Amino acid sequence: MRHLHQDRNRQQTVAVYNADYRVLTHVSWQEAIRLLLRGSVYVIERHSPAVHIHSPSTIVELPVSVALREYVHIPYRPGNRVTRQGVLARDGFTCAYCGGRADTIDHVIPRSRGGQDSWENCVAACAPCNGRKDNRTPGEAGMRLLWEPYEPRERARYRVPALA
Ligand SMILES: [Zn+2]
């Protein structure tokens, strides 16, 4: 029973990413549903198996994380630093090599070979692909990237949505 209870607690907050895929804040699941219904955010990651919230008028699938459609300007920004969570969010938790579910990040050019900790050199990867690639370039490993990694840019418009 304790297990179930902890599980439920874990689902009670939802990570909110800014439009540049940096974690902005965590909100209650109730607030996340309000933001979703208002169209301020879109779902990045879902629970597996799905968790549904039933309200009198509708059924909503509870997200693990969401991203804002409009960039929220934060006055002090020490550059758009690459983070594990940011790369996973940018790539939608999808492995850049096989398209499966990703929960690790891979340096396309391995760090041991001079690869940088940069947005352009990091992709989301599943553990099997990450292990298979090892300290090799995709070419050496006979693996192909499904997309080119890129640095997410701020949106042109700085409209602040009503984030409670
Ligand atoms: Zn994979």
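Here is what the cut-offs are and how they apply
Residues numbered from 1 in each chain as written. Predicted model: local features only at pLDDT ≥ 70, side-chain atom pairs only at ≥ 80, totals over all residues. Helix = DSSP H or I, 4+ residues; strand = E, 2+ residues; numbered from the N terminus. Buried ≥ 20, exposed ≤ 12 C-beta atoms within 10 Å, placed from the backbone. Contact = placed C-beta atoms within 7 Å. Pairing = 2+ DSSP bridges. Axes fitted to C-alpha atoms, helices over the stretch in contact; angles between N-to-C directions. Core = buried A, V, L, I, M, F, W, Y, C linked by C-beta atoms within 7 Å.

S.K.: What's the story with the overall build of the protein chain in this structure? I'm lost.
M.R.: Counting its secondary structure elements, the protein chain contains five helices and eight strands. Put simply, the protein chain runs from its N terminus to its C terminus through helices and strands in the order α-β-β-α-β-β-β-β-α-β-β-α-α. Counting every position in the protein chain, which comprises 164 residues, the buried fraction comes to 25%. For the protein chain, the share of sequence-separated contacts (at least 6 apart) that also reach a separation of at least 24 residues comes to 61%.

S.K.: What should I look at first to understand the sheet that holds strand 3 (residues 41-46) in this one?
M.R.: Whether parallel or antiparallel, the strands of a sheet pair through hydrogen bonds between backbone atoms. Taken in spatial order, the four strands make up an open sheet running 2-1-6-3, and their pairing is mixed. Edge strands, defined here as strands with exactly one partner in the open sheet, are strand 2 (23-28) and strand 3. Between one strand axis and the next, the sheet turns by 30° as a mean value, whatever way the strands run. Bridge analysis of strand 1 (residues 13-17) against strand 6 (residues 63-68) gives three bridges, and the strand direction is parallel.

S.K.: I'm lost on unusual backbone geometry in this one. Help?
M.R.: When glycine is set aside, most residues are seen to have a negative phi, and most peptide bonds are trans. With omega at 0°, the peptide bond leading from Ser48 into Pro49 counts as cis. Among the secondary structure elements, Pro49 is positioned in the loop between strand 3 and strand 4 (52-54). For Phe93, which is not glycine, the phi dihedral falls at a positive 55°. With respect to the helices and strands, Phe93 occurs in the loop between helix 3 (84-90) and strand 7 (104-107). A residue is classified by how many C-beta atoms lie within 10 Å of it, and Phe93, with 19 of them, is partly exposed.

S.K.: Please explain the environment of Ala67 as it appears in this structure.
M.R.: Its place among the elements puts Ala67 in strand 6. A sequence separation of 23 residues divides Ala67 from Ile44, and the C-alpha atoms of the two residues are 6.5 Å apart. If sequence neighbours within four positions are ignored, Ala67 has contacts with Tyr17, Ala19, Tyr21, Val41, Tyr42, Ile44 and Ala89.

S.K.: Explain the nonpolar core here, please?
M.R.: Side chains that are nonpolar tend, in soluble globular proteins, to be buried together. Counting 28 residues, the largest nonpolar core has Val66, Ala67, Cys95, Ala124 and Ala125 as its most contacted members. Listing elements by their share of this core, those giving two or more residues are strand 1, helix 2 (29-38), strand 3, strand 6, helix 3 and strand 8 (122-125). Counting residues per element, this core draws most heavily on strand 8, at four residues. If we skip the residues at most four places from it in the chain, Val66 touches Val14, Val16, Ala32, Leu35, Leu36, Val41, Tyr42, Val43 and Ile44.

S.K.: What am I meant to see in the environment of Pro63 here?
M.R.: Here Pro63 lies in strand 6. Pro63 gets classed as buried once you count the C-beta atoms within 10 Å, which come to 24. Note: C-alpha distance between Pro63 and Ala32 (31 residues apart in sequence) is 8.0 Å. Setting aside anything within four residues of it in sequence, one finds Pro63 in contact with Val14, Ala32, Val43, Glu45 and Arg46.

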